[in-house]
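# Topology and contacts: notes
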There are 2 protein chains.
Amino acid sequence: MRVAVVGAGLIGGSVGLAARVRLGAEVRAFDPDPSARAAAAAAGAADTVCDTVAETLHGAEAVVVCAPLGVLGDALAAALGAAGPDCLVTDVGSVKRALVGAHEDPRYLGGHPLAGAEASGVGAARDDLFEDATWYLTPTPATRGTLLERAHRLITGLGAQPVAIDAEVHDRLMATVSHLPHVLANVLVGQAAGALGEGDSLPASGPSFRDTTRVAGANPALWPDIYLGNAEALLAALDEAVEALGRVRAQVAGGRRAELVAWQEEAAAQRRDLVEGGWLGGPVRELRVAVPNRPGVIAELALTLGRAGVNISDMALSPSPDARNGVVALWVNEAGAERARRLIGEQGHPVTEEAR
Amino acid sequence: MRVAVVGAGLIGGSVGLAARVRLGAEVRAFDPDPSARAAAAAAGAADTVCDTVAETLHGAEAVVVCAPLGVLGDALAAALGAAGPDCLVTDVGSVKRALVGAHEDPRYLGGHPLAGAEASGVGAARDDLFEDATWYLTPTPATRGTLLERAHRLITGLGAQPVAIDAEVHDRLMATVSHLPHVLANVLVGQAAGALGEGDSLPASGPSFRDTTRVAGANPALWPDIYLGNAEALLAALDEAVEALGRVRAQVAGGRRAELVAWQEEAAAQRRDLVEGGWLGGPVRELRVAVPNRPGVIAELALTLGRAGVNISDMALSPSPDARNGVVALWVNEAGAERARRLIGEQGHPVTEEAR
């Protein structure tokens, strides 16, 4: 397959590397920034790094446009202008509906890989970045079957799992599980900073605050465009959240304890369903282990489980204010949970199972 | 010191154990539940387990009331009724203003240890549960100096660090950094469950959702009473959150990108300040390491750092949907960060520093 990549950052570079290494594709790449082009060449992200979009797309069977969301519409238009009549044009933008609506071209098929982008730049590109990652595709009734098939072949060739989804559903989903949590994290740190402003010198807060605000202030160069790019779905999600907060407000103000108990229980059941439904990483059990928080303790624990073949799919350590003691929550798969409990107990650490 | 404990669960049992073991106190304990009394005796949480509050408080210099928030007011009143004229009466309730207002007795001094309560019951009690934990005390102008001094001696004797705070400030603080995050986590899982209800089968969501909803549905038997016990401060925090969401809404609806960029940058700075100010566990640096998510990898990493004397104060692993790859965020202290980067690099894992 002859693959073109427009935009040579972490994602574009990884597409190029994976296409070359795993798919055996011939890759051409372009980036408007000459230094990014040089870095892409140095990283081996393409067989040929080109100076223009037209040159990059010459003879391409598929082009993956990996520009930042703020300029993605223009980059897509340029790619569609330069692409041949049978060239698949796809992208990696994290918001889809507006793009799909603005580019009603049978060659365009929206895409969105759920792949880590913690580091940035083509220097951090890896040929295994997409391994087993979900890669959303947003076909429309106008999407040509041959191009959809080619997109599947390309994406599975990169190591990812294509999942077809309606662009509007995709955006509503992302508004709920990604964009709204980012907004709420920002709101929480803002309020906490305000509380701090009162001049109280305060000790370490609990894990609920740390967890809930982990993503606060994430990449300010990127997120405003995501909020704006998904404005309609995000506004709906915000309205729904404000409505829910209003209901809680009335229950708290009215002292309606039974309703609050029912709501808390419902949330526990919902989170359990989300976990078991695979949303949070497959069926797992949550073990909580009390540990002295000295170097090596978590290591011994994880190593013991690792040696016994129990994989830890998620982990959260809640230190005490001085970080000398703590509780580590371990999410382990169903099959290994009992073995894990026994092994942890044998190491002398009290272990309980989260019974929410 | 002769110490009485009313309520023999995890906290009360740990107070009893720590008072006996660390402080050399003579401890009497009571619980309204006969089976909890038997368990307290079996756990060694008291020298004498008594059948009445009066008997428990006989000759006590200090009583720590460890009843659940819903019945704490009544339990405090009973303890004050049975306590001698020079007996310190304190408690461990996580909401303080209403209790302090309702018990204007010079012998009563409100308390709130920030100690882990993931497990429950006296069987999980430990004599080191409070080691170096912050233990809030809420003295008033009416608080007798000798009793405050005795409370300090008791609490430091249990291993904790007493911190004086105004009851109202305490409750506002907890509303912001603990109660509101719990409410928002519930709201988020509710919305996600609603999205699921549309019949879409969806793959694993991102770490922002997992982190933000970690505390959703926490202990339904406990949390409604916390919400209601801190109603005034929680309502104010809810109103502030709704107001902030309204501002974001207007910025998103109006396409006001510059304001959103400024807000995102402000949140990044605020979270940095909270981290550096010690709220989130002292001055630390956040390293992000790309790892294959197989058993033992995190163990090797943690063990390597542990051997080099670098302590990991917090850790969050974000697996890919199939849990075969992931990024682990490690929070390490300032002093060890450079060493950690070097050691992780030597293990062959790409490492970047979170530059938010």
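Keep in mind that what you see is a predicted model, and the values were worked out from it rather than measured.

Conventions we followed
Residues numbered from 1 in each chain as written. Chains lettered and ligands numbered in written order. Predicted model: local features only at pLDDT ≥ 70, side-chain atom pairs only at ≥ 80, totals over all residues. Helix = DSSP H or I, 4+ residues; strand = E, 2+ residues; numbered from the N terminus. Buried ≥ 20, exposed ≤ 12 C-beta atoms within 10 Å, placed from the backbone. Contact = placed C-beta atoms within 7 Å. Core = buried A, V, L, I, M, F, W, Y, C linked by C-beta atoms within 7 Å. Pairing = 2+ DSSP bridges. Axes fitted to C-alpha atoms, helices over the stretch in contact; angles between N-to-C directions. Right-handed = clockwise from strand over helix to strand, strands pointing away. Domains from an automatic or database assignment. Nonpolar A, V, L, I, M, F, W, Y, C, P; charged D, E, K, R; others polar.

This brings us to the overall build of chain A. In terms of helices and strands, chain A carries 13 helices and 12 strands. Looking at chain A as a whole, 55% of its 356 residues are labelled buried. Within chain A, contacts between residues separated by at least 24 positions form 71% of all contacts whose residues are at least 6 apart in sequence.

Grouped together as the largest cluster of nonpolar side chains are 198 residues, with contacts concentrated most on A:V63, A:A79, B:V63 and B:A79. Setting aside chain neighbours within four positions, we find B:A79 in contact with B:V6, B:V53, B:L57, B:V63, B:V65 and B:V89. The next biggest cluster of nonpolar side chains, apart from the first, holds 32 residues, and it includes A:L330, A:V332, B:V328 and B:W331.

To continue, consider the sheet that holds strand 4 (residues 62-65) of chain B. Residue and element names in this part refer to chain B. An order of 3-2-1-4-5-6-7-8 is seen for the 8 strands of this open sheet, with the pairing classed as mixed. The open sheet has two edge strands with one neighbour each: strand 3 (48-49) and strand 8 (161-164). Pairing between strand 1 (residues 2-6) and strand 2 (residues 26-30): 5 bridges, direction parallel. Across the sheet, the residue bridging to V5 is A29, located in strand 2.

Let us look at the sheet that holds strand 4 (residues 62-65) of chain A. Whenever strands of a sheet pair, they do so through backbone hydrogen bonds, lying parallel or antiparallel. Residues and elements named next belong to chain A. Spatially, 8 strands are ordered 3-2-1-4-5-6-7-8 in an open sheet, and the strand pairing comes out mixed. If you trace the sheet from one side to the other, it starts and ends with strand 3 (48-49) and strand 8 (161-164), each paired once. Across 2 bridges, strand 5 (residues 88-91) lies against strand 6 (residues 108-113) in parallel orientation. Among the inter-strand pairings, V89 is bridged to a residue of strand 6, identified as Y108. Packed on one face of the sheet, helix 1 (residues 10-21) meets strand 1 (2-6), strand 2 (26-30) and strand 4 and runs near 165° to strand 2.

All names here are of chain A. Residue placement: R28 occurs in strand 2. Remark: the alpha-carbon pair of R28 and V5, spanning 23 residues in sequence, is separated by 6.2 Å. The contacts of R28, once residues within four sequence positions are left out, are A4, A46, D47, T48, C50, T56 and A60.

Attention shifts here to the pairing of strand 1 of chain B. Residue and element names in this part refer to chain B. Most of strand 1 sits inside the fold, with 4 of its 5 residues counted as buried. The parallel pair strand 1 and strand 2 is bridged by helix 1 (residues 10-21), and the resulting crossover is right-handed. Of the strand pairs in this sheet, strand 1 and strand 4 are connected by 4 bridges, and their pairing is parallel. Its bridge partner lying in strand 4, V3 is registered against A62.

This part is about the domain arrangement of chain A. Bring the parts together and some accessible area is lost; that lost area is often taken as the interface size. Residue and element names in this part refer to chain A. Per the domain assignment, the segments making up chain A are domain 1 (2-165), domain 2 (169-255) and domain 3 (284-353). One C-alpha centre belongs to domain 1, the other to domain 2, and the line joining them spans 32 Å. Contacts between the two partners involve 12 residues from domain 1, matched on the other side by 9 residues from domain 2. Across the side of domain 1 that touches domain 2, the residue classes break down as 6 nonpolar, 4 polar and 2 charged.

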